[in-house]
Amino acid sequence: MPSASRTWTLDSIPDQSGRLVVVTGANSGIGQVTAEALARRGAHVVLACRSPQRGQAALDRLLGRAPGAHAEVRLLDLADLASIRAFADGWDHDRLDLLVNNAGVAMVPLARTADGFESQFGINHLGTFALTGLMLPHLLASPDPLVVTVSSEGQRFARFDLDNLNAERRYRTVFAYLQSKRANLYFATELQRRADAAGLRLRSMAVAPGLTRTNVLTGGANVNRGRLYGALTRLLIRVAFRPTPEGAKTSLYAATVPDLPGGAYVVPDGALQLRGEPVLRNRERAIRDTTTARRLWELSGKLTGVPFRLSDDATCTAAQESWMREPDALSGHTRSEIV
């Protein structure tokens, strides 16, 4: 099994010519570095961005730094299921080889998405779940489909509460963020288990970037948290966090190193996974917790209304009907009664 390489850099990325790629949140931070690095190596990269203006600016920067690169920008707002469906419905390429689920929010005040979900759970997990499910037919049209989902080193400290995923009772900013990042890891590993069970060639991996200089703590909803918050956070990021290309290494390692196994979790090899070179880690509790991963998958399907067609229609229908007849753990009613 491949392990950390002390000499692996962005220059180690092999030729990506002919590969069709989507990178969410590609207008800044790790997403922008990931998109640009793949485009430099010949991939056709779709920058999936919430803001048309920021997306176009990121595309202009990419083409300025990598003249002749194949890239485009498309609108995608993971806080809005209608936007996610429109993105998938508008896909006009013949396949999708690589989906990098990078976009997310962090440590934001309580807010709701367009569909009423708590924003960190709704964007970081449910939006990612829905996008992957809706893009699945295009991924399965690829000879070597790969999904890379960006989690966080902080997920290890999450207290995952299936009864309060959507902040129904109490909202704690950090708790909600860590929980959403644990959900990313549950999703990535459960997707691999289901793909394996269906005999599909799809590979799904999760990554943690480590402490990285991005605007996720200062941009978006965090802009309105006051000047003191902004000044202290920017100081912390400048002093303690590493440059953005270093944080993008795990995403790019997972996306481009040949023969990495499906289900891999790629993290920095340093202390507490905060910095260091990419390495595979398989000792995370969330990777072994198949029961919670399965329950989260089923709940996510119900909340988003997005089915994953990982096997033939008859099998999918039978499994769905069986699940609907089971009592829901949260309510005691059968699922058909509460949908």
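Since this is a predicted model, take the numbers as computed values, not measurements.

## Some words on the pattern of salt bridges
Piece 1. Under the definition given, this model contains 14 salt bridges.
Piece 2. Its salt-bridge partner being glutamate 72, residue arginine 74 comes within 2.7 Å of it at the nearest N-O pair. As far as burial versus exposure is concerned, arginine 74 and glutamate 72 are alike and both buried.
Piece 3. In this structure, glutamate 284 engages arginine 281 in a salt bridge whose closest nitrogen and oxygen atoms are separated by 2.4 Å.

## Thoughts on unusual backbone geometry
Piece 1. The phi dihedral of methionine 107 is positive, around 60°, even though this residue is not glycine.
Piece 2. Tracing the backbone through its elements, the reader meets methionine 107 in the loop between β4 (98-101) and α4 (119-139).
Piece 3. Even without being glycine, aspartate 259 reaches a positive phi, approximately 70°.
Piece 4. Within the element layout of this structure, aspartate 259 appears in the loop between α8 (249-256) and β7 (265-268).

## Quick word on the side chain of glutamate 190
Piece 1. Within the secondary structure, glutamate 190 is located in helix α5 (residues 173-197).
Piece 2. Note on glutamate 190: relative accessible area 5%, which makes it buried.
Piece 3. Within the local environment of glutamate 190, its side chain forms a polar contact with the side chain of arginine 193, the two groups lying 3.0 Å apart.
Piece 4. Excluding anything up to four places from it in sequence, glutamate 190 contacts Thr290, Ala293, Arg294 and Trp297.

## Some points on the sheet that holds β4
Two modes of strand pairing occur in sheets, parallel and antiparallel, and in both the strands are linked by backbone hydrogen bonds.
Piece 1. With respect to topology, 8 strands assemble into an open sheet ordered β3-β2-β1-β4-β5-β6-β7-β8, the strand pairing being mixed. What marks the edges here is a single partner per strand, and that holds for β3 (70-75) and β8 (278-280). Pairs of neighbouring strands in the sheet enclose a mean axial angle of 20°, with direction left out of account.
Piece 2. Pairing of β4 with strand β5 (residues 146-150), which is carried by 4 bridges, proceeds in the parallel orientation. Following the sheet pairing, valine 100 is matched in β5 by valine 148.
Piece 3. Taken strand by strand, α4 contacts β1 (20-24), β4 and β5, and its axis lies near 175° from that of β4.

## So, the packing of α4 against helix α10 (residues 290-304)
Packed helix pairs are specified by the crossing angle of their axes together with the interaxial distance, meaning the distance between the axes.
Piece 1. One way to put it is that α4 packs onto α10 with a least axis distance of 10 Å and a crossing angle of 85°. What the angle tells us is that α4 and α10 run roughly perpendicular. Residues Phe121, His125, Leu126, Phe129 and Ala130 of α4 pack against Leu296, Trp297, Ser300, Gly301, Leu303 and Thr304 of α10.

Rules of the game
Residues numbered from 1 in each chain as written. Predicted model: local features only at pLDDT ≥ 70, side-chain atom pairs only at ≥ 80, totals over all residues. Heavy atoms only, no water. Salt bridge = Lys/Arg side-chain N within 4 Å of Asp/Glu carboxyl O. Buried < 20%, exposed > 50% of the residue type's maximum accessible area, 1.4 Å probe, protein only. Helix = DSSP H or I, 4+ residues; strand = E, 2+ residues; numbered from the N terminus. Polar contact = N/O pair within 3.5 Å; in protein donor to acceptor, adjacent residues only side chain to side chain. Contact = heavy atoms within 4.5 Å. Pairing = 2+ DSSP bridges. Axes fitted to C-alpha atoms, helices over the stretch in contact; angles between N-to-C directions. Parallel < 35°, antiparallel > 145°, perpendicular 65-115°, else oblique.

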